[in-house]
Amino acid sequence: METETAPYGLHQLQITEMGSLLQLPTLPTSLGRRCSPCRRPGLSLRLRALSKQGHRFLTSLATTTYSAVRDSSATGRSLIRKFVNSSPKHVALDTLSHLLSPTTTHPHLSAVAIPLYLSITEASWFNWNAKLVADVIAVMYKHEQFDEAETLILETMKKIGIQERNVCNFYCNLIESSAKHQLKESVSDLYNYMKHIFTGSSSNYVKKRAYESMVRSLCDIGQPQEAEDLMEEMRELGLKQSDFEIRALVYAYGKIGLVEDMKRNVIELQNQGFELDTVCANMVLSSLGTHGELSEMVSWLQRMKSLRIQFSVRTYNSVLNSCPTIVLMLQDIKSVPISMEHLLKNLTKDEVLVVGELMGSSVLDEVMEWNSSEMKLDLHGMHLSCSYLIFLQWIDVMRFRFSSGNQMLVPTEITVVCGLGKHSAVRGQSPVKSLMKEMILRMKCPLKIDRKNVGCFIAKGKVFRDWLCCLT
């Protein structure tokens, strides 16, 4: 049952579970009112791609002032209502998710997420979701709309009822959303609240869920030492830890440059019997790259090979995004080196070693399909730097294979798949496709955009082979 409402919608609840009452105390009134973004890096969400319709909508809003949107002016309300009413469900929700993301490409319009959400809730197709509400509340705190946030919390508590699991899951979502937006004070208040309420629960599910979210959130805001202390409490309570918490520590220590602590937790991961896999290795590589530890990155890539840890496309992404020369080159795709030889001449010694380790992996073979009818190179999931190196590597490998003179090796058609840009920051505008188009043009390569699928480049197998054989 809900008791007397505290100022700003802060509340107390009583939850009945297995015949006992769990008293939820009032949230601290400071929650959200001191929320300034923390400057330390945290784990980022994958950015939801915008549809062209969503992009047009945000472009039109760019001429509407921040205050007009926030104050729900007639102009702002009209634009938002028109967009929601004229958009398919997935377009409206994808646009909302894009604005709610801490890595949105339209940060100056993130406040629009709040009136957009309220308008979406009025649509006939809308299905209420506690996770989405938590994301909206975090953005409200970010923009200091505290009264609106507390009102939405109260409405949420009425909807989810008094079941302890539902209440716990909501606050777990809320602290995680706040952490992703780097709202350090909000995370601190929620942490104290959740620790007081849920860690003493009679339900192991509730306790474990709460601890996991608190550990993740502390790691996200750059406080891995506090998160590690919390994990020690988990052990004392007899709660079994998963590799998720240790991996979060590995990543968090690495992101703030505490490499030795990162390595220590990698060892701890192995000591507890968890597998050191590609995902964890990529976290380490990303952290090393963030701090320019390229020589250490080379050693880690060699260690992965010795432990037979498979490289992946994400390994390429993490490593190559950390090579400053390559990143700088790709800012001007019209002048990037179009051969592996010329690329290597422009790289630093450590970057050459890094690229050499990557090229010795099986990733290229995994993204190629070869049979008598078609040879396909699939660049899906690759960042710009990854697709660039893979394409150059592929050209060299293809030239070597065709040089054998065995006509049976020549497929009927050659296909390079770039995609339609569905997962790009702006849907339909693929940076990888633009890069491939420019490189193909400069190489005078016979690959051309497929009329049936504009996300692909195609060429006749023999024509492509003859062009390769003419390369010097």
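This is a predicted model, so every value here is computed, not measured.

Draft legend 1. Representation of helix α8 (residues 164-180) in the model. With 17 residues, α8 should cover 24 Å at 1.5 Å per step; its first-to-last C-alpha distance of 24 Å lies within 8% of that length. Of all 17 residues in α8, 15 are buried; the element is thus mostly enclosed. Following α8 by one or two positions, Q182 adopts a phi angle in the positive range, close to 60°.

Draft legend 2. View of the side chain of Q182. Among the structural elements, Q182 can be located in the loop between α8 and α9 (184-197). Looking at Q182, its side chain comes within polar contact range of the main-chain oxygen of D220, at 2.9 Å.

Draft legend 3. Molecular detail of the sheet that holds strand β7 (residues 456-460). Reading across from one edge, β3-β4-β5-β7-β6 is the order of the five strands in this open sheet, with mixed pairing throughout. Among the strands making up the open sheet, the edge pair consists of β3 (368-370) and β6 (448-449). Those strands touched by helix α23 (residues 461-470) are β5 (413-417) and β7, and its axis lies near 85° from that of β7.

Draft legend 4. A look at the pattern of salt bridges. Applying the stated rule across the entire model yields 17 salt bridges. Notably, a salt bridge pairs E176 with R209, separated by 3.5 Å at the nearest N-O pair. Taken together, the residues span a long stretch of sequence, with E176 in helix α8 and R209 in helix α10 (residues 204-220) at a distance of 33 residues. Comparing E176 with R209 shows no difference in burial state: the two are buried. Between E438 and K334 there is a salt bridge, and its shortest N-O distance comes to 3.6 Å. Placement of E438 in helix α22 (residues 431-443) and of K334 in the loop between α17 (324-329) and α18 (340-346) is noted, with a sequence separation of 104 residues between them. For E438, a relative accessible area of 13% puts it in the buried group. For K334, a relative accessible area of 58% puts it in the exposed group.

Draft legend 5. The packing of aromatic side chains, seen in detail. If you walk through the whole model with that rule in mind, you get 10 aromatic pairs. Seen from their ring centres, F57 and F83 are 4.0 Å apart, and the 10° between their planes marks the pair as stacked. Note that F57 is positioned in helix α1 (residues 52-61) and F83 in helix α3 (residues 74-86), a separation of 26 residues in sequence. Since its relative accessible area comes to 5%, F57 is described here as buried. Of the aromatic side chains, those joined through ring pairs into one cluster are F170, Y171, Y193 and F198. One Lys or Arg, R165, reaches over the ring of Y205 and ends 4.0 Å from the middle of that ring.

Draft legend 6. Quick look at unusual backbone geometry. Within the chain, E144 stands out as a residue other than glycine whose phi angle is a positive 60°. With respect to the helices, strands and loops of the structure, E144 is situated in the loop between α6 (130-142) and α7 (146-160). Despite not being glycine, K444 shows a phi value in the positive range, around 60°. Position of K444 among the secondary structure elements: in the loop between α22 and β6. Assessed through its relative accessible area of 70%, K444 is described here as exposed.

Draft legend 7. Fine view of α22. When the terminal C-alpha atoms of α22 are compared, their 18 Å separation across 13 residues agrees well with the 18 Å that a helix rising 1.5 Å per residue should span. Of the positions making up α22, those classed as buried are V432, L435, M436, E438, M439, I440 and M443. Buried residues along α22 sit in contact with α21 (384-402), β7 and α23. Positive phi shows up at K444, right after α22, with a value of about 60°.

Draft legend 8. Local environment of the environment of D332. Tracing the backbone through its elements, the reader meets D332 in the loop between α17 and α18. What makes D332 partly exposed here is its relative accessible area of 40%. For the pair D332 and L435, spaced 103 residues apart in the sequence, the C-alpha separation amounts to 9.6 Å.

Calculation rules
- Residues numbered from 1 in each chain as written.
- Predicted model: local features only at pLDDT ≥ 70, side-chain atom pairs only at ≥ 80, totals over all residues.
- Heavy atoms only, no water.
- Helix = DSSP H or I, 4+ residues; strand = E, 2+ residues; numbered from the N terminus.
- Expected span 1.5 Å × (residues − 1).
- Buried < 20%, exposed > 50% of the residue type's maximum accessible area, 1.4 Å probe, protein only.
- Polar contact = N/O pair within 3.5 Å; in protein donor to acceptor, adjacent residues only side chain to side chain.
- Pairing = 2+ DSSP bridges.
- Contact = heavy atoms within 4.5 Å.
- Axes fitted to C-alpha atoms, helices over the stretch in contact; angles between N-to-C directions.
- Salt bridge = Lys/Arg side-chain N within 4 Å of Asp/Glu carboxyl O.
- Phe/Tyr/Trp six-rings, centres within 6.5 Å; stacked < 30°, edge-to-face > 60°.
- Lys NZ or Arg CZ within 6 Å of the ring centre and 35° of its normal.

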